[in-house]
Amino acid sequence: MRDWRAHVKSKLPPLGLRGSREADIVDELTQELEQCYATALARGASEEEAVRAAMEEVPDWTALAGEIAAAEAPVAAAPERPARLLPDLRQDLRYGLRALRKAPAFTLLSALTLALGIGATTAMFSVVNAVLLKPLPFARPEALVRVWTSWANYPLGSVSDPELHDWRDRASTLAGIAAYTQKGGSSLTTGGGEPETVSVAATSANFFEVLEVRPALGRTFLPGEDQPGKTGVVVIGQGLWRRMFGADPGIVGRTVSLQGEPVTVVGVLPAGFAYPSAEVDLWQPAPLDRHQPRPRGSHYLRVVARIAPQRDLREAAGEMEVVARQLQAENPEAYPTGSGFTVRLRPLREEMLGRIEPALLLLLGAVGLVLSIACANVASLMLARGTGRGREIAIRTALGAGRARIARQLLAESLLLATAGGIAGVLAAQLALPVILALAPPGLPRLSEVRIDGVVLVVAGLLTALTGVAFGLFPVWQSARADANQLLKSGRSGAIGGARRPQKMLVVAETALAMVLLFGAGLLLRSFAKLLHEEPGFEAKQVATAVVSLPAARYPKHEDAARFFERLRRSLEESPGTTSAAVCSNLPLSGWVNDNLLTIEGYVPRGPGDRPDPEYREVSPGYFRTLHIPVLKGREFAEQDDAQHPPVAIISQSLALKYWGTEDPLGRRIRFSEEPGTKWITIVGVVGDVKQTALSDPVLPTLYLPHLQSGFGFGSMMTVLARAAVDAHASLADISRRVRELDRGQAVSEARLMEDLVSESLSAQRFNLRLLALFAALAVALAGVGTFGVMRYIVEQRTAEIGVRMALGAGHGQVLGEVLREGLALAAAGLALGILGSVVLARTISALSSLLHGVTATDPLTLAAVLLLLLGVAVVACWVPARKATRVDPTVALRGE
Amino acid sequence: MVEAALDQQQLKKGSAELLILATLEDRPRHGYDIGRQIALRSKGTVRFHAASLYPLLYRLARKGWIHGRWLEKEGQRRRRYYRLTPAGQKALEAQRRSWQEFAAAIARVTQVRHA
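Reading the values: rules and limits
Residues numbered from 1 in each chain as written. Chains lettered and ligands numbered in written order. Predicted model: local features only at pLDDT ≥ 70, side-chain atom pairs only at ≥ 80, totals over all residues. Heavy atoms only, no water. Helix = DSSP H or I, 4+ residues; strand = E, 2+ residues; numbered from the N terminus. Axes fitted to C-alpha atoms, helices over the stretch in contact; angles between N-to-C directions. Parallel < 35°, antiparallel > 145°, perpendicular 65-115°, else oblique. Left-handed = near helix turned anticlockwise from the far one by under 90°. Contact = heavy atoms within 4.5 Å. Pairing = 2+ DSSP bridges. Patch = residues over 30% accessible without salt bridge, like charges linked within 9 Å, V, L, I, M, F, W, Y side chains within 5 Å. Areas by Shrake-Rupley, 256 points an atom, 1.4 Å probe, with all protein chains shown as cover. Salt bridge = Lys/Arg side-chain N within 4 Å of Asp/Glu carboxyl O. Lys, Arg positive; Asp, Glu negative; His and termini not counted. Charge placed at Lys NZ, Arg CZ, Asp CG, Glu CD. Buried < 20%, exposed > 50% of the residue type's maximum accessible area, 1.4 Å probe, protein only. Buried area = accessible area lost by both parts, 1.4 Å probe. Polar contact = N/O pair within 3.5 Å; in protein donor to acceptor, adjacent residues only side chain to side chain. Core = buried A, V, L, I, M, F, W, Y, C linked by side-chain atoms within 4.5 Å. pLDDT = per-residue confidence, 0-100. Expected span 1.5 Å × (residues − 1).

Visitor: Just to check I follow, could you spell out the environment of A:Glu741 for this structure?
Guide: Inspection of the secondary structure puts A:Glu741 in helix α21 (residues 728-742). Taking the C-alpha atoms as reference points, A:Glu741 and A:Ser571, 170 residues apart in sequence, are found 9.8 Å from one another.

Below is the structure:
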């Protein structure tokens with residue numbers, strides 16, 4: 001018994017009828033054929049004859065479908081009524097679904113391509129959404145500003161205690177001015193447990209009031225708790241509360257030990273509060289003694305303020321400028337003419353996000369290009385498929401289906417495809433997000449908030465609809481151009497004439513987009529390569545580092561801390577696993593910078609802003625040896641460079657060149673204040689330049705002082721360095737062990753290899769590069785596949801023509817060359833457009849150049865490499881179809897016609 | 001089977017609706033049965049392929065002259081039976097009348113000629 005139903009279903013083209021009508025017709029026709037077949041058998045016909053008899057009942061299924069559609073059509077193709085929009089839509093969707101099911105390979109390939117594009121875009125958008133688009137987690141965040149001192153050499157400088165007090169007294173446009181510093185690792189002990197290193201921010205008492213943050217538990221700081229004798233309270237973050245206190249609801253009022261001092265936990269902050277940074281676990285009041293402030297020149301505070309209601313940034317900036325002039329007039333020694341002193345306000349959002357915004361937006365743009373290429377690919381797949389459906393569409397047009405109806409039908413199909421791609425894309429994004437987040441640089445704020453939420457889903461939905469329409473319009477356009485009459489007459493499956501043109505345009509567009517992306521990725525790659533070859537000025541290999549922060553309770557005086565670090569250094573020097581060891585106030589590339597105004601004996605500043613203001617570091621003996629920083633002149637610091645001996649300094653080569661030029665700086669003297677009685681410091685050495693801030697930054701002229709002689713209060717928190725003889729990881733452990741040997745209750749923090757620190761300093765660039773390279777690879781792959789598909793289609797379309805020509809004597813080489821030429825002409829057009837696009841983008845997107853290092857945004861070498869690569873891809877994509885063309889058998893090709 | 005001198009196709013086209021309506025006059029029938037009745041009554045002169053019969057049925061149904069309904073008789077599978085509607089009955093009578101007039105006219109013309 002044959003399955004006549006399957007036969008009917010496979011033969012009868014979709015009729016596009018509503019409801020169960022189509023199924024009814026299939027049923028009826030099935031029964032008819034069954035009956036014919038059974039009757040023939042009963043008459044004594046053979047199986048084969050019976051089948052043939054049944055088959056003869058319907059000689060042309062397409063014609064039958066046309067007849068049925070005509071019979072079923074509303075009488076004389078009445079104009080469509082809007083009231084039927086919904087049922088029609090349902091019908092369109094059902095019809096679309098069936099059409100897609102009938103072409104599983106096409107459907108799968110298209111949906112996957114779209115899933116790639118939509119998935120990548122959704123993932124990237126969810127990052128941008130969380131990091132850039134969501135409002136900062138403070139009340140009325142737009143009124144928050146950072147306030148900086150600004151100097152000729154330092155456009156954004158820290159603030160001193162007296163400045164903070166003065167600003168608070170005088171500014172009427174700022175409703176509240178809060179200050180804070182980040183202290184790095186401190187050891188926290190709870191009731192006899194092991195000490196844990198926590199990250200601490202010290203803040204003014206009004207810090208949370210200015211940010212308008214309400215605690216989840218307990219309270220924040222009370223006014224006056226930043227004054228001497230009242231600072232023994234702390235507020236903790238949700239993370240620490242859960243990690244160390246098991247989310248104990250009775251935590252408020254508990255006493256813990258911070259750096260050996262008892263403090264009382266008075267409150268727990270709400271989840272998501274992460275200011276000044278996500279790393280901070282614990283907030284304590286900064287001692288900001290109103291009556292005995294630190295010197296005006298001691299700039300160490302960061303300041304955040306809230307603009308008063310009804311006031312705006314411009315008014316506030318104007319007022320602070322006036323305040324700056326007043327302060328300068330009142331304190332000429334602190335703000336000498338030529339220091340360029342003023343006060344600058346920057347919106348908090350810009351401070352937090354300004355640096356990463358361009359890179360993220362660029363990546364979002366890049367991923368948008370990938371999505372465009374995916375759309376182009378699916379569009380050209382649909383076009384190629386449309387050729388097989390020309391006749392079906394023509395029948396429906398001939399039967400009065402109406403252009404609009406056909407267009408809607410095709411769009412419904414595209415939207416279905418896009419929806420499948422969109423759903424798969426969102427799932428893919430969900431899977432890709434952890435990978436993107438793992439690659440992300442540590443400084444990226446609000447990373448923990450990145451997730452696929454309602455907003456992201458809505459955007460993904462819009463993207464899906466948009467892509468569906470974008471690639472769906474091509475077949476609609478194609479169908480609108482089709483001449484139904486001609487198609488119906490032609491007996492062939494019905495290729496639509498001229499359809500090659502839009503596909504060629506798609507290949508050109510795809511190639512151009514891929515070119516732009518690949519060029520961008522190439523520029524980042526070249527920048528990164530240049531950064532990696534950038535000489536940091538020291539040798540990071542084999543160096544282990546850790547930060548040790550000594551509690552003021554047990555090391556009240558600078559000398560106590562200095563003695564501890566000197567003992568630690570010697571202990572490490574004696575360690576068999578170590579070749580040399582040192583301590584320093586802050587490591588190069590660690591993100592910490594300090595500067596200090598300087599007076600050079602005999603040097604007359606040449607004008608405003610010329611007062612020497614070098615980078616300033618305190619280091620121990622062995623520092624330059626440990627980091628392999630070359631001593632160019634004079635000597636390194638020695639153990640006897642302590643408080644009992646004359647003060648000495650070492651300067652970097654660029655500092656020597658800047659202020660002494662060709663003269664020998666050895667033996668020359670400097671001091672930190674013009675005031676008489678300030679000690680002169682003698683320069684005893686010149687060392688090589690070191691990248692202090694970032695590999696991509698220029699070197700800063702640097703002044704080094706021996707840590708045993710300094711008086712700037714770095715003493716209690718220093719970084720320890722040890723150069724390992726063999727194993728740097730062993731040295732890391734060695735540092736912790738020796739710290740504990742000297743002081744049992746002392747923990748180390750930020751223990752890491754110097755190499756990792758250097759590598760981490762490039763993490764932002766690496767993140768940008770990796771993502772852009774990934775997107776570019778996707779783009780190139782999609783463009784290659786797209787070119788291949790279109791070329792194969794073109795060759796298929798021309799099979800007959802090629803067959804004729806080969807029959808007339810055209811050689812293989814000739815055919816091969818011709819197809820290759822046709823494909824490469826498209827690629828060349830795309831590349832030319834791509835070059836144009838790249839240059840225009842490079843000129844218009846200034847953000848690009850801020851991401852580059854050592855290459856211009858129109859780097860010809862990168863351009864050449866990218867062109868070659870894409871040409872190679874195009875050759876491969878054209879080669880296979882071209883080869884196929886040469887294998888055309890003239891007789892077969894002609895018979896097909 | 002008689003080899004008609006006239007173009008069978010053209011004749012069939014003009015009379016197909018009438019033929020179908022006529023088979024349904026005495027009782028409802030399913031599609032296969034309609035085709036079989038026409039073949040039987042015409043002694044095989046007129047035969048409809050499924051490919052032409054069904055679109056005709058659907059056209060008649062769309063015009064409201066016949067009405068199709070799925071029926072399940074005991075021991076048989078369900079089939080779609082068509083019956084004449086009142087409008088179909090009127091149409092049948094009208095077509096039959098004009099066909100008879102036409103046939104009579106043809107007969108008169110041809111007889112006169114042969115006379």
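Visitor: Help me understand the packing of helix α24 (residues 799-807) of chain A against helix α25 (residues 812-844) of chain A in this model?
Guide: Helix-helix packing is described using two parameters, namely the angle between the two axes and the distance between the axes. All names here are of chain A. Relative orientation of the contacting elements α24 and α25 amounts to 150°, with a least axis distance of 10 Å. Relative to α25, the element α24 lies roughly antiparallel. Of the two possible hands of crossing, α24 and α25 adopt the one that is right-handed. Taking contact as the criterion, the partners of Ile802, Arg805 and Met806 in α24 are, on α25, His812, Gln814, Val815 and Glu818.

Visitor: Which parts of the structure should I look at to understand the sheet that holds strand β2 (residues 66-71) of chain B?
Guide: The antiparallel open sheet is built from three strands, whose spatial order is β1-β3-β2 (chain B). Each of the sheet's edge strands pairs with one partner strand only, and the pair in question is β1 (29-30) and β2 of chain B. Here six bridges tie β2(B) to strand β3 (residues 79-84) of chain B, and the two strands are oriented antiparallel to one another. Residue B:Trp70 lies in a different strand from β3(B), and its bridge partner there is B:Arg80. Running at roughly 100° to β3(B), helix α2 (residues 21-42) of chain A makes contact with β1, β2 and β3 of chain B of the sheet.

Visitor: Please explain the packing of helix α6 (residues 104-133) of chain A against helix α23 (residues 763-797) of chain A as it appears in this structure.
Guide: All names here are of chain A. Taken N-terminus to C-terminus, the directions of α6 and α23 make an angle of 160°; their axes are 12 Å apart at the nearest point. What the angle tells us is that α6 and α23 run roughly antiparallel. Taken as a pair, α6 and α23 cross one another with a handedness that is left-handed. Mapping the contact onto sequence places Thr113, Leu116, Ala120 and Met124 in α6 and Leu771, Phe775, Leu778 and Leu782 in α23.

Visitor: Sorry, what's going on with a negative patch on the surface here?
Guide: All names here are of chain A. Together, Glu535, Glu539, Glu755 and Asp756 make up a negatively charged patch on the protein surface. Assignment of secondary structure puts Glu535 in the loop between α17 (500-533) and β11 (543-549). The exposure class assigned to Glu535 is exposed, which follows from its relative accessible area of 62%.

Visitor: Help me out: how do you make sense of the interface of chain B and chain A in this one?
Guide: How big an interface is tends to be stated in terms of the accessible area lost upon association of its parts. Listed as interface residues are 19 residues of chain B and, on the opposing side, 25 residues of chain A. At the boundary of chain B with chain A, total buried surface from both sides reaches about 2100 Å², with 47% on carbon and sulfur atoms. At the boundary of chain B and chain A, one finds three salt bridges. Between B:Arg80 and A:Asp24 there is a salt bridge, and its shortest N-O distance comes to 3.7 Å. In this structure, the connection of chain B to chain A is made through 10 residue pairs in polar contact (both at pLDDT 80 or more). At the level of secondary structure, the elements contributing two or more residues to the side of chain B that touches chain A comprise α2 (31-41), α3 (50-63) and β3 of chain B.

Visitor: How should I be thinking about the side chain of A:Thr467 in this particular structure?
Guide: Residue and element names in this part refer to chain A. Locating Thr467 in the fold gives a position in helix α15 (residues 454-481). Classification of Thr467 by relative accessible area gives buried; the value is 4%. Beyond its immediate sequence surroundings of up to four residues, Thr467 is in contact with Ile118, Leu371, Cys375, Ala418 and Gly472.

Visitor: Where do I start with the nonpolar core in this structure?
Guide: In a soluble, globular protein the nonpolar side chains are often hidden away together inside. All names here are of chain A. Membership of the largest hydrophobic core comes to 113 residues, with the highest contact counts inside it found for Phe138, Phe207, Phe273, Tyr275, Trp283 and Tyr623. Other than its neighbours up to four places away in sequence, Phe273 contacts Phe138, Phe207, Phe208, Leu211, Val213 and Trp283. Grouped together as the second largest cluster of nonpolar side chains are 45 residues, Leu15, Ile25, Val26 and Cys36 included.

Visitor: In this structure, what is going on with the confidence of the model for chain A? I would like to understand it.
Guide: Caution applies to low-pLDDT regions: their predicted coordinates should not be interpreted in detail. All names here are of chain A. For chain A, the mean per-residue pLDDT works out to 84, and 90% of the residues sit at or above 70. Contacts for the low-pLDDT stretch residues 76-81, under 50 throughout, to residues beyond four places or in other chains number five contacts. pLDDT under 50 marks residues 491-498. Its contacts with residues more than four places away, or in other chains, come to 20 contacts.

Visitor: Looking at this structure, I do not really get the pattern of salt bridges. What am I missing?
Guide: Close approach of charged atoms allows side chains with opposite charge to pair. Residues and elements named next belong to chain A. On inspection of all chains with the given rule, the structure shows 50 salt bridges over all chains. Arg290 is paired through a salt bridge with Asp169; the nearest N and O atoms lie 3.2 Å apart. Remark: Asp169 occurs in helix α7 (residues 161-170) and Arg290 occurs in the loop between β8 (282-285) and β9 (302-307); sequence separation between them is 121 residues. With a relative accessible area of 38%, Arg290 lands in the partly exposed category. Its salt-bridge partner being Arg346, residue Glu351 comes within 3.2 Å of it at the nearest N-O pair. A relative accessible area of 18% means that Arg346 is categorised as buried. Overlapping salt bridges bring together Glu566, Arg569, Arg570, Glu573, Arg625, Glu636 and Glu639 as one network.

Visitor: Would you mind showing me how to read the pairing of β8(A) here?
Guide: Each regular strand displays side chains that alternate between the two surfaces of the sheet. Residue and element names in this part refer to chain A. The side-chain alternation of β8 yields two buried faces, one formed by Leu282 and Gln284 and the other by Trp283 and Pro285. Looking at chain direction, strand β3 (residues 196-203) and β8 are connected through four bridges and run parallel. Residue Val200 lies in a different strand from β8, and its bridge partner there is Leu282. Here two bridges tie strand β5 (residues 233-236) to β8, and the two strands are oriented antiparallel to one another. Within the sheet, the bridge partner assigned to Ile236 lies in β8 and is Leu282.

Visitor: Mind showing me how you'd approach the side chain of A:Asp281 here?
Guide: Residues and elements named next belong to chain A. Looking at the secondary structure, you find Asp281 in the loop between β7 (261-268) and β8. Judged by its relative accessible area of 12%, Asp281 falls in the buried class. With residues near it in sequence (within four places) discarded, Asp281 still touches Val198, Ser199, Ile236, Gly237, Leu240 and Arg243.

Visitor: Quick question: what am I supposed to make of the environment of B:Leu71 here?
Guide: All names here are of chain B. Inspection of the secondary structure puts Leu71 in strand β2. Considered as a pair, Leu71 and Tyr82 are 11 residues apart in the sequence and their alpha carbons are 9.9 Å apart. Among residues more than four places away in sequence, those in contact with Leu71 are Arg77, Arg78, Arg79 and Tyr81.

Visitor: Help me understand α3(B) in this model?
Guide: An α-helical segment advances 3.6 residues per turn. Residues three or four places apart therefore align on the same side. Residue and element names in this part refer to chain B. Relative to the 20 Å expected for 14 residues at 1.5 Å per residue, α3 spans 20 Å between its end C-alpha atoms, a close match to the ideal helical length. Residues of α3 that are buried: Ala50, Ala51, Leu53, Tyr54, Pro55, Leu56, Leu57, Tyr58 and Leu60. Gly64 lies just past α3 and shows a positive phi near 85°.

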